[in-house]
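These are the residues of each chain, in order.
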Amino acid sequence: MIDPARCLGCASCARACPEKTVLGIIDGKAALIEPTMCVGHGACQAACPTQAISLVFGTETRGVDIPVLTPEFETSVPGIFIAGELGGMGLIKNAIEQGRQALAAAASRARRSGGGADLLDVVIVGCGPAGISASLGAIERRLSFVTLDQSSLGGSVAHFPRGKVVMTAPATLPLVGEVRFGEISKENLLAFWQDLLIKTGLKPRFEEQVTAIHRMGEHFEVVSDKGRYRCRTVLLAIGRRGTPRPLDVPGEDLGKVVYRLIDPDQYCGRRVLVVGGGDSALEAAIRLAEQPGTEVTLSYRGQAYGRARARNRDRVSELAAAGRLREELASQVVAIGEDHVSLEIAGQLRTIPNDDVIICAGGLLPTQFLHDTGISVETKYGTV
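Within every chain, residues take consecutive numbers counted from 1 along the sequence as written. Thresholds applied to this predicted model are a pLDDT of at least 70 for local features of residues and 80 or more for the giving and counting of side-chain atom pairs; totals over whole chains, interfaces and linings are not thresholded and use all residues. Each side-chain value is worked out from all heavy atoms of the structure, with water and hydrogens disregarded.

**Q** Please explain the overall build of the protein chain as it appears in this structure.
**A** Secondary structure elements follow DSSP: runs of H or I no shorter than four residues count as helices, runs of E no shorter than two count as strands, and numbering proceeds from the N terminus. A count of helices and strands for the protein chain gives eight helices and 24 strands. The globule rule is 2.2 Å times the number of residues to the power 0.38, and the radius of gyration it is compared with is taken over C-alpha atoms. Scaling as 2.2 N^0.38, a compact globule of 384 residues should have a C-alpha radius of gyration of about 21 Å, and the protein chain matches this with 22 Å. With respect to the principal axes defined by its C-alpha atoms, the protein chain has extents near 65 × 55 × 35 Å. Exposure is judged per residue with a 1.4 Å probe applied to protein chains only, and the accessible area is read against the type maximum: over 50% gives exposed, under 20% gives buried, and values in between give partly exposed. Here the protein chain, with 384 residues, has 48% of them falling under the buried criterion. Accessible surface area values rest on a Shrake-Rupley calculation with a 1.4 Å probe, where residue burial reflects the displayed protein chains alone. For the protein chain, the accessible surface area stands at approximately 18,500 Å², while carbon and sulfur atoms represent 50% of it. Think of it this way: Lys and Arg go in the positive column, Asp and Glu in the negative one, and His and the chain ends go nowhere. Working definition for charges: the position is that of NZ of Lys, CZ of Arg, CG of Asp or CD of Glu. Charged side chains in the protein chain number 42 positive and 43 negative. The centres of these two groups are separated by 5 Å.

Written out as structure tokens, the structure reads:
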């Protein structure tokens, strides 16, 4: 958000933004040009000499559910901390920094807690950038801990399409120091994380899902599908997209329906429907349309891709114009069959042949899990 009364029109914010096209100067004042490109670097806020810029969650019309956190990343349940995407910051640099800071706060609380030597100091849930950073911090501070992840190393990065390029600013990792990735492919970033495990001796427990956290007096019991862990503190770094948002239509349980694109090559020569209007949906449709013989249909309920980046919108338009991709805006999936899908377009039902469906409709905040744990959540409408 930009306060025009404070803005001098110096353009320092626009120059500082790594995305380059988010901010500009209109009539002598800073203005949002491409707000969908903003990923929360915060460089604009730091560069503004008059504090005219505030970073907020959500908009006046579109709320974002965020757990209530203290400046030390502690939740409404004393002793449980949150870092990374679940707390509203999905940028790799931010997640690494939050993981480091949250672990430091958890370590301070753990030291003040008794309970015997059989208690772990902290259980870290999630092994993406925030969880890795926190785990390295636990090693550095010689804490007793365990790191659990329901899937594999890398968090949401592991689920990016093959070959996707990730851009991240320099960040400081415990035990390692400053790392400078710049633009790096998904595979190279995961290889970096894997090498880090070997060099530091970090041994996360993968494919182990945490199902509940119970308070046991002054301490906690973390319950997973493979065991129970007694600990002084808990750090959640589980992300926001662990549970894909379903369409809730007939046929969605068919084996041909998935919720992310991993390897575009496996869809060569097939008829694929991609559902969604954000960057993940457009990027999936683009990658698929570039495969030989693949017929791609992109279905989105809106009239335009308001949440997607300009370069993805432009590329989709190019592919559509070249006949490599079919766009169906203002459309809804109403049913999925073994060899077809049914769409409602402009009030009319249309059935098209189909082999595969990729739903990129975002993810669901683990609201029930947070509620059962006692963690308060609030909906932000353009507020800090």
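After presenting the structure, the write-up continues.
**Q** Please clarify how the side chain of E252 should be interpreted in this entry.
**A** Position of E252 relative to the elements: it lies in the loop between β14 (243-244) and β15 (257-258). Salt bridge criterion: a side-chain nitrogen from Lys or Arg within 4 Å of a carboxyl oxygen from Asp or Glu. The side chain of E252 sits in the buried core without any salt bridge; R245 is the nearest counter-charge, 10 Å away. Here the side chain of E252 touches D248 through a polar contact of 2.6 Å, landing on its backbone nitrogen. Polar side-chain contacts of E252 include one of 2.7 Å to the side chain of Y259. Not counting the four nearest positions on each side in its chain, E252 is found in contact with P246, L247, V257, Y259, I336 and I359. We call two N or O atoms a polar contact when they sit within 3.5 Å, provided that within protein one can donate a hydrogen and the other can accept it, with sequence-adjacent residues counted only if both atoms are side-chain atoms. Every residue pair with non-hydrogen atoms within 4.5 Å of one another is taken to be in contact.

**Q** Help me understand unusual backbone geometry, please; the structure alone is not making it clear to me.
**A** Trans peptide bonds make up the majority, and among non-glycine residues the majority have a negative phi. You will see that D27, though not glycine, has its phi angle at about 55 degrees, which is positive. Checked against the element boundaries, D27 lands in the loop between β1 (23-26) and β2 (29-32).

**Q** It is not clear to me how the sheet that holds strand β20 (residues 340-345) should be interpreted in this structure. Could you clarify?
**A** Sheet strands pair by backbone hydrogen bonding; their relative direction is either parallel or antiparallel. In this scheme, strands are said to pair when DSSP sees at least two bridges between them. Strand order across the open sheet formed by three strands is β19-β20-β21, with antiparallel pairing between neighbours. Edge strands, defined here as strands with exactly one partner in the open sheet, are β19 (331-336) and β21 (348-353). Averaged over all adjacent pairs, the angle separating strand axes in this sheet is 30 degrees, with direction ignored. Across five bridges, the pairing between β19 and β20 is antiparallel. Looking at β20, one finds that V333 is bridged to L343. Axes here mean lines fitted to C-alpha atoms, for a helix over just the part in contact, with angles spanning 0 to 180 degrees between N-to-C directions.

**Q** Mind showing me how you'd approach the packing of aromatic side chains here?
**A** Two descriptors summarise a pair of aromatic rings, namely the distance from one centre to the other and the angle between the planes of the rings. Geometry of aromatic contacts follows a simple scheme: Phe, Tyr and Trp rings, the Trp one being its six-membered ring, pair when their centres are within 6.5 Å, and the pair is stacked under 30 degrees between planes, edge-to-face over 60, tilted otherwise. In total, this model carries two aromatic pairs according to the counting rule given. Aromatic pair F192 and W193: ring centres 5.5 Å apart, planes at 65 degrees, arrangement edge-to-face. We classify F192 as partly exposed; its relative accessible area is 23%. Exposure remark for W193: the relative accessible area of 1% places this residue in the buried category.

**Q** Explain helix α4 (residues 129-140) here, please?
**A** Two residues of an α-helix separated by three or four positions point the same way, owing to the 3.6 residues in each turn. What a helix is expected to span follows from its residue count: subtract one and scale by 1.5 Å. Taking 1.5 Å of rise per residue, the 12 residues of α4 would be expected to cover 16 Å, and the 16 Å separating its terminal C-alpha atoms lies within 8% of that figure. Burial analysis of α4 places 10 of its 12 residues in the buried class, the great majority of the element. All of the buried residues along α4 are P129, A130, G131, I132, S133, A134, S135, L136, G137 and A138.

Interpretation in functional terms is not warranted from these geometric data alone.
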